[in-house]
Amino acid sequence: MHWPLNQKLRLSMAAATAVLGLLVSLYAIWKPSTTAGDLFFLPQAWVEWLDSHGDFRTFVMSALVAVVPSVWLGTYQLDLVRGRWLLCVGLLLSAMEVGQIWIPSRGFGIPDLMFTLAGVAAVELAIRTVRWCMEVVVKAAGGWDVSRR
């Protein structure tokens, strides 16, 4: 399989989606209310689901922030870049969670911090699992060196 996207384009797309995701997260984490209802871009069904799942929604948010840039950085050649990116995202989102201490209508909790880090880690686990599965399938089909991709 040949990916027509060069490394420079992948890095640019990852950076653009990362900035967008982190800005949306900053708003969502530091807004005065805890409901997802004022996130106008979300469908009502998602808002209701997110609001009914408390701390778990932090896992979902952090995974969504990390997944798109990480997929752009999903090649073997960009493993180190992706690892550093995920570390930075985990630290930035954690700092945003801790920053809720100073927002009177919000609060900080260790579960939020743990769900944030788990969401970021789940993205890396998912990428490595998908790549492993692809290698197994390709080897079973007669071989193809996926490590060069």
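Criteria and cut-off values
Residues numbered from 1 in each chain as written. Predicted model: local features only at pLDDT ≥ 70, side-chain atom pairs only at ≥ 80, totals over all residues. Heavy atoms only, no water. Helix = DSSP H or I, 4+ residues; strand = E, 2+ residues; numbered from the N terminus. Buried < 20%, exposed > 50% of the residue type's maximum accessible area, 1.4 Å probe, protein only. Contact = heavy atoms within 4.5 Å. Areas by Shrake-Rupley, 256 points an atom, 1.4 Å probe, with all protein chains shown as cover. Phe/Tyr/Trp six-rings, centres within 6.5 Å; stacked < 30°, edge-to-face > 60°. Salt bridge = Lys/Arg side-chain N within 4 Å of Asp/Glu carboxyl O. Expected span 1.5 Å × (residues − 1). Bend = angle between axes of the 7 residues up to and from the residue. Polar contact = N/O pair within 3.5 Å; in protein donor to acceptor, adjacent residues only side chain to side chain. Patch = residues over 30% accessible without salt bridge, like charges linked within 9 Å, V, L, I, M, F, W, Y side chains within 5 Å. Axes fitted to C-alpha atoms, helices over the stretch in contact; angles between N-to-C directions. Parallel < 35°, antiparallel > 145°, perpendicular 65-115°, else oblique. Left-handed = near helix turned anticlockwise from the far one by under 90°. Nonpolar A, V, L, I, M, F, W, Y, C, P; charged D, E, K, R; others polar.

1. Concerning the overall build of the protein
Helix and strand counts for the protein come out as five helices and zero strands. Each helix and strand of the protein, placed in order from N terminus to C terminus, yields the pattern α-α-α-α-α. Dimensions along the principal axes, computed over C-alpha positions, put the protein at roughly 60 × 30 × 30 Å. Evaluated residue by residue, the protein yields a buried proportion of 35% over its 149 residues. Pairs at least 24 apart in sequence give 66% of the contacts found in the protein among residues at least 6 apart. Only carbon and sulfur atoms are counted for the fraction: they give 74% of the accessible area of the protein, which is about 9000 Å².

2. Some points on the packing of aromatic side chains
Applying the stated criterion across every chain, the model contains four aromatic pairs. Consider the rings of Phe40 and Phe41, whose centres lie 5.4 Å apart with planes at 85°: the pair is edge-to-face. Classification of Phe41 as partly exposed rests on a relative accessible area of 43%. A ring pair is formed by Phe56 and Phe59, whose centres lie 5.2 Å apart and whose planes are at 15°; its orientation type is stacked.

3. Quick notes on the pattern of salt bridges
Enumeration over the complete set of coordinates arrives at six salt bridges. Among the ionic pairs, Asp51 bridges to Arg57, the shortest N-O distance being 2.8 Å. Across the pair Arg131 and Asp79 runs a salt bridge whose closest N-O atoms are separated by 2.9 Å. With Arg131 in helix α5 (residues 110-140) and Asp79 in helix α4 (residues 79-99), this residue pair connects regions lying 52 residues apart in the sequence. Residue Arg131 shares its accessibility class with Asp79, and that shared class is buried. One salt-bridge network, held together by shared partners, links Asp79, Arg82, Glu124, Arg128 and Arg131.

4. Quick look at helix α3 (residues 56-72)
In this model α3 runs 25 Å from its N-terminal to its C-terminal C-alpha over 17 residues, within 8% of the 24 Å that 1.5 Å per residue would give. Along α3, the largest kink reaches about 25° and is centred on Ala66; proline Pro69 follows within four residues of it. All of the buried residues in α3 are Thr58, Met61, Ser62, Ala63, Val65, Ala66, Pro69 and Ser70. Taken together, the buried residues of α3 touch α1 (7-30), α4 and α5.

5. Structural notes on α1
For α1, which comprises 24 residues, the first-to-last C-alpha distance of 34 Å matches the rise-based estimate of 34 Å (1.5 Å per residue) to within 8%. Next to the buried residues of α1 lie α3 and α4. Measuring from the side-chain oxygen of the N-cap residue of α1 to the backbone nitrogen of Lys8 gives 3.2 Å; that N-cap residue is Asn6.

6. Examining a nonpolar patch on the surface
On the surface, Ile101, Trp102, Phe108, Ile110 and Met114 cluster together into a nonpolar patch covering about 570 Å² of accessible area. Tracing the chain through its elements places Ile110 in helix α5.

7. Description of the packing of α1 against α4
As a packed pair, α1 and α4 sit with axes 10 Å apart at the nearest point and diverge in direction by 15°. Classified by the angle between their axes, α1 and α4 sit roughly parallel to one another. Considering the relative orientation of α1 and α4, their crossing is right-handed. Note on element contacts: α4 touches α1 through Val81, Trp85, Leu92, Leu93, Met96, Glu97 and Gly99, opposite Leu11, Ala18, Leu22, Ser25, Leu26, Ile29 and Trp30. Across the contact of α1 with α4, the residue classes tally to 11 nonpolar, two polar and one charged.

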